[in-house]
Amino acid sequence: MDVRTKETIRYLGYGKHAVDEKTLQSIEESFEELVRIAEKKSISQIFDLCVKDENQLVIENIEIFSRNLRTNLRDCKQVVLFAATLGTDVDRLIRKTQVVDMAKTVVMQACAAALLEEFCDELQNEVAEQLQKQGKYIRPRFSPGYGDFSILHQKDFISLLDTPKMIGLSMTESYMLTPTKSVTAVIGISETQTDCDSNACENCKKTDCKYKRG
Amino acid sequence: MLRKLGKELLFFDGGMGTLLQKEGLLPGELPENWNIEKREIIQNIHRAYYEAGSHILLTNTFGANRIKYHGTPYSLQAVIEAAVKNVESVSEDVIVAFDMGPTGKLLKPMGDLSFEDAYEAFKEAAIYGEQAGAQMIHIETMSDTYELKAAVLAAKENTNLPVTATVIFDEHGKLLTGADVATVVALLEGLRVDALGINCGMGPEQMLPILKEIRKYTSLPIIVKPNAGLPKQKDGNTYYDVLPNAFAEALCEIVKCGACVIGGCCGTTPEHIQAMVEKCKGMEIVKPTYKTATLVSSYGKTVEIGQAPIIIGERINPTGKSKFKQALKEHDLDYILKEAIMQQDKGAHILDVNVGLPDIDEVSMMKEAVTEIQSIVNLPLQIDTVNVEALEAAMRIYNGKPMVNSVSGKQESMDAVFPLIQKYGGVVVGLTLDENGIPNTAEGRVAIAGRIIEEAKKYGIDKKDVVIDVLTMTISSEPDGAKVTLDALKKVREIYGVQTVLGVSNVSFGLPNRPIINSNFYTMAMQGGLTSAIINPASEAMMNAYYSYCALMGYDENCGQYIANCGHVSETNQTTVGKNDLNLNTAIERGLKEEAYLIVKELVREQNPMDIIQECLIPALDKVGKGFENGTVFLPQLLMSAEAAKQAFEVLKEQMSAEGDSEVKKEKIILATVKGDIHDIGKNIVKVLLENYSFHVIDLGKDVEPEVIVEQAIKHGVRLVGLSALMTTTVINMEKTIKLLRNQLPTCKVMVGGAVLNQEYADMIDADFYGKDAMQSVYYAQSLFKAN
């Protein structure tokens, strides 16, 4: 089973249970449709990072207060800001599916999330490879809304990267990204390699989460 | 100078943003402020472009609209005035073009900015621009046709200035929101801009193929403003690497390929423009040529009438359909959407939309239907109404160039409809009837067609945008009816060379086995010059006729469509269930939709519907629900079972109403996703399950204002409202809604759910119940209504 199928099953809340044949087939069909219509687009740019005190960080001219992000970016002097989207047609397909079949919709929704994560992983790996040539290393990506990193910073990412124009990514008044299957994130660049696990899920202390990996 | 547009080569200026960044503009800083704060820098840039040879200079107002430009030390008007003055300061000998860029927001229904709000923002800016002295309005860097339409309409309706527009295509010739070249051209020509084209996104070389594609479709002068190459990155900075001379060479090629106005975008400098002017000055332009194709478009797709026959799906129309009427009265949009999806799947190219009923508000219903259909189906729509107000409302918010059904030879009709086509663009169906009714002869109908075409010309509407309907008559009452129609069809094709349309199935009223007559008449009509037809794409006979005709006439390469659609034996007669061991309970438990449908169809012949519900459906659903709670059944399975049960319920409901049993009175529950939240999958899951348990769900949709929820709750007298929110930023609106409900309808209970919520949060915002999953809300609703 490939990674994105495994991830989809996890998002659907199956935990360690075996997944039924019908759902598996639905997952397969959903991926087929999604891959056909997704317009993957992304943009990234390197910015200087300045750590002011315990919880305060400054990226370009954006001030961020977040203990979690501060931990994630410890010892970093630069960051990559990046944004990625699967495009509006994915939203349309999910809306259309909702009208005819809710079971298919929840599956497709999970598949789209997995596809987006896969896309972000690819982008992150590309960044890592490029930086490694310069002897630099990356930290796992961290998005507004993770931990105490306020979702309100979505706005700064969109403005710094000019995402509406570059990749068609904007946000609503309530800071939701549109198209909905989109991500903004910061990736720390460090001179030293850390044993930081790229899989934040395993690091999480919560044990009763039904989405827990592994 | 503008009179030279399309006759002589004109030069725009080059990039602004990239130059300002060099001067110290920070990422995220608003460049418009510099019109006042650093006017010398702005004026110097304008002057440099003027001296380089630009005829048209763009004001530094790319983001000067109230959506992007706010919370600033200056008013929008002050900034726009300063921007125009800055260009004027350079010379009297330049054209001041007021620059309008996108809002940076995605429009509804994919985003949260309404078409009207986008329109208002552009309107305000355009008015300030004209007042300040701009001589034209240039809309640029658009990547969404809907926003583009709002901007063009705002500029044209509120100023007297010429309007030009350019968009960002990617290397595949697509906008970010999916539109292709033909779609953009159809929209902009329909809205009657003065010139159109492409800017930003790519360098000149990559734009060449797109330019050629634009030229294939447009009759207007073309503007091309490339970047100085594709954006590249080094050390975290974006840069462009096509140097002035190479840029000039490439632009020279672009002029040869049909551009009438050229300039530069990101990364280009006065040096680029100077080299370009030196290289291209004096070149003859390739004059725009008139295109005669009949194009109808949606947000992402264009259909040409006049090549292979076009199918216009007729199913979205309440005439003679009691279920449809019921759906309209109950505001059941899902019913309409299902019809739309079905017709698309069956092969329709365009969908007719008619929602006219005497006792509903057709204007708002039409707007809503068009908006909702366009959010899930990419086919162009044919707006079908006799209500002019509804027609205009729908044409205004339609994302694309619609088909309009219809205008007739009556003066009153033409006076009402043609101005709308002139303003919004569209392809209109011209019915060959007038004040004296429908002529009995082919000649009579041909004459009316001629008058319609002539009258359209007065509004600048070319005959390519008029599709003539010579009207299908019923042969059981008029023996010559079909002959006259076919004769008239042939004649209008010969005499006027226009495209044609017919509502085919009228022909067989009163006869048995209507599909036989209909499909044969359809084939004869196509052979006689029918280029589009309003039919039911779910009718096998009609589609067989269509696929056969296309295969026979060489419209179907390798007969591929024919083989795919007519290559297998019809399976519609197989009504027996394959697996004998399956009963209704297991079919539902295993989520087998079709099987559940077929089994229940058999069962209702012998059993009472209420017994089937009590003995099979409810126990099966309960079992699955319990399984979900115990962690042995998962969400997709729970919903598959729910969908299977829904199918079974449909059959039983029909049976009960056929037997005259009134349905059991259901408890009403309102569901809504709160204001600001556009994710509604969670709410829809709850809806499916509640409906399975016989609750009447009034679904208010997503992004719903607290006032609307309360108003509807009072109106329907509901005792339970379910609210959903996905984000921390929208829970506040959930709280507001609950407060307002408590105040105005204290007897009403509120259950909440959604990704960010938990019991603690729910208590904090004073909800009566927190449903951690969809089944919990069903149990809560059951307990609540049982207790009372």
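Predicted, not measured: the structure shown is a model, and the values here were computed from it.

1. Here's the deal with the overall build of chain A
A count of helices and strands for chain A gives eight helices and eight strands. Against the globule reference of 17 Å for 214 residues, chain A gives a C-alpha radius of gyration of 18 Å, in line with a compact fold. Seen through its C-alpha atoms, chain A measures out along the principal axes to roughly 50 × 40 × 35 Å. The proportion of buried residues among the 214 residues of chain A is 54%.

2. Some points on the interface of chain A and chain B
Across the contact, 47 residues belong to chain A and 59 residues belong to chain B. For the pair chain A and chain B, the summed buried surface comes to about 4,700 Å²; carbon and sulfur atoms form 62% of the total. By the criterion of area lost to chain B, the three top residues of chain A are A:Arg92, A:Arg95 and A:Met176, representing 16% of everything that side buries. Scanning the region where chain A abuts chain B turns up four salt bridges. A:Lys41 is the salt-bridge partner of B:Asp170, the closest N and O atoms lying 3.7 Å from each other. Inspection of the region where chain A meets chain B yields 15 residue pairs in polar contact (both at pLDDT 80 or more). Counting only elements with at least two residues in the side of chain A that touches chain B, the list comes to α2 (21–37), β1 (41–53), α4 (88–100), α5 (102–133), α6 (154–161), α7 (163–167) and β6 (170–171) of chain A. Among the elements that line the side of chain A that touches chain B, the one with the most residues is α4(A), at nine residues.

3. Re the packing of aromatic side chains
All names here are of chain B. Within this structure, the stated rule accounts for ten aromatic pairs over all chains. Consider the rings of Phe324 and Tyr335, whose centres lie 5.5 Å apart with planes at 80°: the pair is edge-to-face. With Phe324 in helix α11 (residues 322–329) and Tyr335 in helix α12 (residues 333–346), this pair connects stretches of sequence that are eleven residues apart. Take Phe324: its relative accessible area is 0%, and that puts it in the buried class. Ring centres 4.3 Å apart and planes at 0° place the aromatic pair Phe769 and Tyr780 in the stacked group.

4. Examining the sheet that holds strand β4 (residues 136–142) of chain B
All names here are of chain B. If you trace the eight strands from one edge of the open sheet to the other, you get β1-β10-β7-β6-β5-β4-β3-β2, paired in parallel fashion. The sheet terminates laterally at β1 (10–11) and β2 (56–58), the two strands that pair on one side only. When β4 meets strand β5 (residues 163–167), the two strands line up parallel, connected through four bridges. Bridging across to β5, His138 finds its partner in Thr164. Across the face of the sheet, helix α4 (residues 76–88) comes into contact with β2 and β3 (95–100) while running at roughly 145° to β3.

5. As for the pairing of strand β22 (residues 696–699) of chain B
Residues and elements named next belong to chain B. Judged from the four bridges that link them, strand β21 (residues 668–673) and β22 form a sheet pairing that is parallel. The residue of β22 that forms the bridge with Ile669 is Val697. The parallel pair β21 and β22 is bridged by helix α25 (residues 681–692), and the resulting crossover is right-handed.

6. Overview of the nonpolar core
By size, the foremost hydrophobic cluster in this structure holds 180 residues, and its most contacted members are B:Met100, B:Ile139, B:Leu148, B:Ile262, B:Ile373 and B:Tyr522. Here the element with the most residues in this core is helix α5 (residues 115–132) of chain B; it accounts for nine residues. Of the domains in this structure, domain 1 (2–280) and domain 2 (294–565) of chain B are the two that each give at least three residues to this core. Non-local contacts of B:Tyr522, meaning those with residues more than four positions away in its chain, are made with B:Ile311, B:Val504, B:Leu530, B:Ala533, B:Ile535, B:Met542, B:Ala545 and B:Tyr546. Formed by 87 residues, the second largest nonpolar core is a distinct cluster that contains A:Leu12, A:Ala103, B:Phe634 and B:Tyr780.

7. A short note on a nonpolar patch on the surface
Together, B:Leu552, B:Met553 and B:Tyr555 give the surface a local cluster of nonpolar side chains, amounting to about 350 Å² of exposed area. Position of B:Tyr555 relative to the elements: it lies in the loop between α19 (540–552) and α20 (560–566).

8. So, the pattern of salt bridges
The final tally for this structure, using the stated rule, is 42 salt bridges over all chains. Note that A:Arg4 and A:Glu118 form a salt bridge whose closest N and O atoms lie 3.4 Å from each other. With a gap of 114 residues between them, A:Arg4 in helix α1 (residues 3–11) and A:Glu118 in helix α5 connect regions that are remote in the sequence. Its relative accessible area of 21% is what places A:Arg4 among the partly exposed residues. Residue B:Glu650 is joined to B:Lys653 by a salt bridge in which the shortest nitrogen-to-oxygen separation is 3.9 Å. A residue pair is termed a helical-turn pair when its members lie 3 or 4 positions apart in one helix, as B:Glu650 and B:Lys653 do in helix α24 (residues 635–658) at three residues. What makes B:Glu650 partly exposed here is its relative accessible area of 36%. In the salt-bridge network here, residues are joined through shared partners; they are B:Glu157, B:Glu392, B:Arg396 and B:Lys423.

9. A look at the environment of B:Glu29
Residue and element names in this part refer to chain B. Considering the arrangement of structural elements, one finds Glu29 in the loop between α1 (17–22) and α2 (34–37). Glu29 sits in the partly exposed class, given a relative accessible area of 28%. In this structure the C-alpha to C-alpha distance between Glu29 and Phe122, which are 93 residues apart in sequence, comes to 21 Å. In this structure Glu29 touches Gly24 and Trp34, once residues within four positions along its chain are discounted. For Glu29, the side chain forms a polar contact with the side chain of Trp34, separated by 3.1 Å.

10. A closer look at the sheet that holds strand β16 (residues 403–408) of chain B
Residue and element names in this part refer to chain B. Pairing within the closed barrel is parallel, and its eight strands lie in the order β13-β14-β15-β16-β17-β18-β19-β20. Mean inter-strand twist for the sheet, computed between neighbouring axes without regard to direction, equals 30°. Of the strand pairs in this sheet, strand β15 (residues 381–384) and β16 are connected by three bridges, and their pairing is parallel. Note that in β16 the partner of Gln382 across the bridge is Met403.

11. Things to note about the confidence of the model for chain A
Averaged over chain A, the pLDDT score is 90; the fraction of residues at 70 or greater is 91%. For chain A, per-element mean pLDDT is lowest for helix α8 (residues 200–203) of chain A, which scores 62, and highest for α2(A), which scores 96.

12. Side note on the domain arrangement of chain B
Splitting chain B by domain gives domain 1 (2–280), domain 2 (294–565), domain 3 (584–658) and domain 4 (668–787). Using C-alpha coordinates to define each centre, domain 2 of chain B is positioned 42 Å away from domain 4 of chain B.

13. A look at the packing of α5(A) against α24(B)
Running from amino to carboxyl end, α5(A) crosses α24(B) at an angle of 155°, the nearest separation of the two axes being 7 Å. In terms of axis orientation, α5(A) runs roughly antiparallel to α24(B). On the side of α5(A), the interface is formed by A:Met102, A:Ala103, A:Val106 and A:Val107, while α24(B) contributes B:Leu635, B:Pro636, B:Leu639, B:Met640 and B:Glu643. For the contact of α5(A) with α24(B), the residue count by class is eight nonpolar, no polar and one charged.

14. Comments concerning α5(A)
Residues spaced three or four apart along an α-helix point in a common direction, a consequence of the helix completing one turn every 3.6 residues. Residue and element names in this part refer to chain A. Here α5 contains 32 residues, and its C-alpha end-to-end distance of 47 Å stays within 8% of the 46 Å for a straight helix at 1.5 Å per residue. The backbone nitrogen of Ala103 lies 3.0 Å from a side-chain oxygen of the residue at the head of α5, namely Asp101. Directly after α5, the chain includes Gly135, whose backbone phi takes a positive value near 75°.

15. Observations concerning the packing of helix α26 (residues 706–716) of chain B against helix α27 (residues 728–744) of chain B
All names here are of chain B. In contact at an axis separation of 9 Å, α26 and α27 are set at 35° when each is read in the N-to-C sense. Regarding α26 and α27, the two cross each other, and that crossing is right-handed. Contact residues: α26 offers Pro706, Glu707, Ile709, Val710, Ala713 and Ile714, while α27 offers Asn733, Lys736, Thr737, Leu740, Leu741 and Gln744. Classifying every residue of the contact of α26 with α27 gives seven nonpolar, three polar and two charged.

16. Some details on the side chain of B:Lys683
Residue and element names in this part refer to chain B. Tracing the backbone shows Lys683 in helix α25. Exposure remark for Lys683: the relative accessible area of 4% places this residue in the buried category. At a separation of 3.1 Å, a polar atom in the side chain of Lys683 contacts the side chain of Asn684. With sequence-adjacent residues up to four places away left out, Lys683 is seen in contact with Leu671, Ala672, Thr673, Asp699, Gly701, Lys702 and Ser724.

Rules behind the numbers
- In this convention, every chain numbers its residues from 1, walking through the sequence in written order.
- Chain A is the first chain written and ligand 1 is the first ligand written, with later ones labelled in order.
- The model is predicted, so local features are restricted to residues of pLDDT at least 70 and side-chain atom pairs to those at 80 or more, both for listing and for counting; the totals for chains, interfaces and linings are taken over all residues.
- With hydrogens and water stripped out, all remaining heavy atoms of the structure feed into the side-chain values.
- Under the scheme used here, helices are H or I runs from DSSP no shorter than 4 residues and strands are E runs no shorter than 2 residues, and both carry numbers assigned from the N terminus.
- Using C-alpha atoms as the atom set, the radius of gyration is obtained and then compared with a globule rule of 2.2 Å times the number of residues to the power 0.38.
- Throughout, exposure labels follow a simple rule: accessible area from a 1.4 Å probe, protein chains only, divided by the maximum for the residue type, with under 20% read as buried, over 50% as exposed, and the rest as partly exposed.
- Whether two residues are in contact is decided by their heavy atoms, any of which lying within 4.5 Å being enough.
- Buried area is a sum: the accessible area each of two parts loses on coming together, probed at 1.4 Å, counted once for each and added.
- When a carboxyl oxygen of Asp or Glu lies within 4 Å of a side-chain nitrogen of Lys or Arg, that pair is called a salt bridge.
- Distance and chemistry together define a polar contact, namely a pair of N or O atoms within 3.5 Å, with one atom able to donate a hydrogen and the other to accept it when in protein, and with adjacent residues in sequence counting only for side-chain atoms on both sides.
- Only the six-membered ring of Trp is used, alongside the rings of Phe and Tyr, when aromatic pairs are assigned; centres must lie within 6.5 Å, and planes under 30 degrees apart are stacked while those over 60 apart are edge-to-face, with the rest tilted.
- A pair of strands is treated as paired once DSSP finds two or more bridges between them.
- To get an axis, fit a line to the C-alpha atoms, keeping to the stretch in contact for a helix; angles then go from 0 to 180 degrees between the N-to-C directions.
- A crossover gets the label right-handed when its path from the first strand over the helix to the second runs clockwise, viewed with the strands pointing away from the viewer.
- Nonpolar cores are built from buried Ala, Val, Leu, Ile, Met, Phe, Trp, Tyr and Cys residues. Side-chain atoms within 4.5 Å join them into one set.
- How far each domain reaches was decided by an automatic or database domain assignment.
- Like charges are joined within 9 Å and nonpolar side chains (Val, Leu, Ile, Met, Phe, Trp, Tyr) within 5 Å, but only among residues with over 30% relative accessible area and no salt bridge; these make up the patches.
- To measure how exposed things are, a 1.4 Å probe is used in the Shrake-Rupley method; for residues, cover is taken only from the protein chains shown.
- Here pLDDT means the predictor's own confidence in every residue, given as a number from 0 to 100.
- In what follows, roughly perpendicular refers to angles from 65 to 115 degrees, roughly parallel to angles under 35, roughly antiparallel to angles over 145, and oblique to any angle outside these ranges.
- In this count, Pro and Cys sit with the nonpolar residues alongside Ala, Val, Leu, Ile, Met, Phe, Trp and Tyr, while Asp, Glu, Lys and Arg are called charged and the others, Gly among them, polar.
- By definition here, a helix of n residues has an expected span of 1.5 Å times n minus one.
- Handedness of a helix crossing follows the sense of rotation of the near helix relative to the far helix, less than a right angle counterclockwise being left-handed and clockwise being right-handed.

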